[in-house]
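# Notes for the structure review
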Amino acid sequence: MLGSLAATFGTLAGFAVAFLLPARRRSRTQRVFLGFASAFAPGLSRVFEMPSGDHLVVTCGHSEETPSGLAFRGYSDRCPHLGCRVHYDDGADQYICPCHAGVFSADGEGISGPPAQAGQRLQAYRLEVDGNSLYAVVNTG
């Protein structure tokens, strides 16, 4: 009987401690459907609105490493310098910020203007291709 009582109260004490202590922060992610990969062509870029309200610039390029021959990259359209919206220039394969002539390389690194001087880069998004579907992987909390 004493063993049974000890097990019961021990279990209740464990639940009480688990309830009172803060839960561990787990990184939670969500896949956001952006469209079909086959709808993109090399050099094409599109802007998508994420569930958070942020905008994502998805750019398509050539790749010999993927079965489709396409490679996708995704960056926030907000310049880290002043928050202006950047756009993709296909001819130069760069992202251009109209504020203070900021320029970012195809890899999102600041290469000209205030972003380069401050060592800033565009926020990258992880993109996944599943079959013909293109997804952005975003943190939800």
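Residues numbered from 1 in each chain as written. Predicted model: local features only at pLDDT ≥ 70, side-chain atom pairs only at ≥ 80, totals over all residues. Heavy atoms only, no water.

### Side note on a nonpolar patch on the surface
A grouping of Phe-9, Leu-12 and Phe-15 is seen on the molecular surface, where their side chains present a nonpolar patch of about 370 Å² in accessible area. Inspection of the secondary structure assignment puts Leu-12 in helix 1 (residues 2-20). (Patch = residues over 30% accessible without salt bridge, like charges linked within 9 Å, V, L, I, M, F, W, Y side chains within 5 Å. Areas by Shrake-Rupley, 256 points an atom, 1.4 Å probe, with all protein chains shown as cover. Salt bridge = Lys/Arg side-chain N within 4 Å of Asp/Glu carboxyl O. Helix = DSSP H or I, 4+ residues; strand = E, 2+ residues; numbered from the N terminus.)

### Some remarks on the sheet that holds strand 9 (residues 124-130)
Spatially, 6 strands are ordered 1-10-9-4-3-2 in an open sheet, and the strand pairing comes out antiparallel. Of all the strands in the sheet, the pair left with one neighbour each is strand 1 (29-36) and strand 2 (45-49). Adjacent strand axes in the sheet meet at a mean angle of 30 degrees, parallel and antiparallel pairs treated alike. Examined bridge by bridge, strand 4 (residues 70-76) and strand 9 share 2 bridges and lie antiparallel to one another. The residue of strand 9 that forms the bridge with Gly-74 is Tyr-125. (Pairing = 2+ DSSP bridges. Axes fitted to C-alpha atoms, helices over the stretch in contact; angles between N-to-C directions.)

### Some details on the side chain of Ser-63
Following the sequence through the fold, Ser-63 ends up in the loop between strand 3 (55-62) and strand 4. If we skip the residues at most four places from it in the chain, Ser-63 touches Gly-69, Leu-70 and Ala-71. (Contact = heavy atoms within 4.5 Å.)

### Things to note about the state of the cysteines
Structurally, a disulfide amounts to a covalent bond that connects the sulfur atoms of two cysteines. Counted according to the given criterion, the structure contains 1 disulfide. Here Cys-84 engages in a disulfide with Cys-99; their sulfurs sit 1.9 Å apart. With the S-S dihedral at roughly -90 degrees, the linkage between Cys-84 and Cys-99 falls on the left-handed side. Separated by 15 residues along the polypeptide, Cys-84 in the loop between strand 4 and strand 5 (87-89) and Cys-99 in the loop between strand 6 (94-97) and strand 7 (102-104) bring together distant segments of the chain. Accessibility expressed as a relative area gives 17% for Cys-84, which makes it buried. Take Cys-99: its relative accessible area is 24%, and that puts it in the partly exposed class. Its sulfur unpaired, Cys-97 is 3.8 Å from the next cysteine sulfur, which belongs to Cys-79. (Disulfide = S-S within 2.5 Å. Buried < 20%, exposed > 50% of the residue type's maximum accessible area, 1.4 Å probe, protein only.)

### Digging into the sheet that holds strand 5
One open sheet holds the 4 strands; their spatial order is 5-6-7-8, and the pairing between them is antiparallel. Each end of this open sheet is capped by a strand with a single partner; those strands are strand 5 and strand 8 (110-112). With strand direction ignored, the average angle separating the axes of adjacent strands in the sheet is 40 degrees. Where strand 6 meets strand 7, 3 bridges bridge the pair, whose relative direction is antiparallel. If you follow Cys-97 over to strand 7, its bridge partner there is Gly-102.

### Here we look at the pairing of strand 10 (residues 133-139)
A large share of strand 10 lies buried, amounting to 6 of its 7 residues. Relative to strand 10, strand 1 runs antiparallel, the two being bridged by 7 bridges. Bridge pairing in strand 10 places Phe-33 opposite Tyr-135. Between strand 9 and strand 10, which pair antiparallel and follow one another directly, the connecting turn spans 2 residues, one of which, Gly-131, has a positive phi of 70 degrees.

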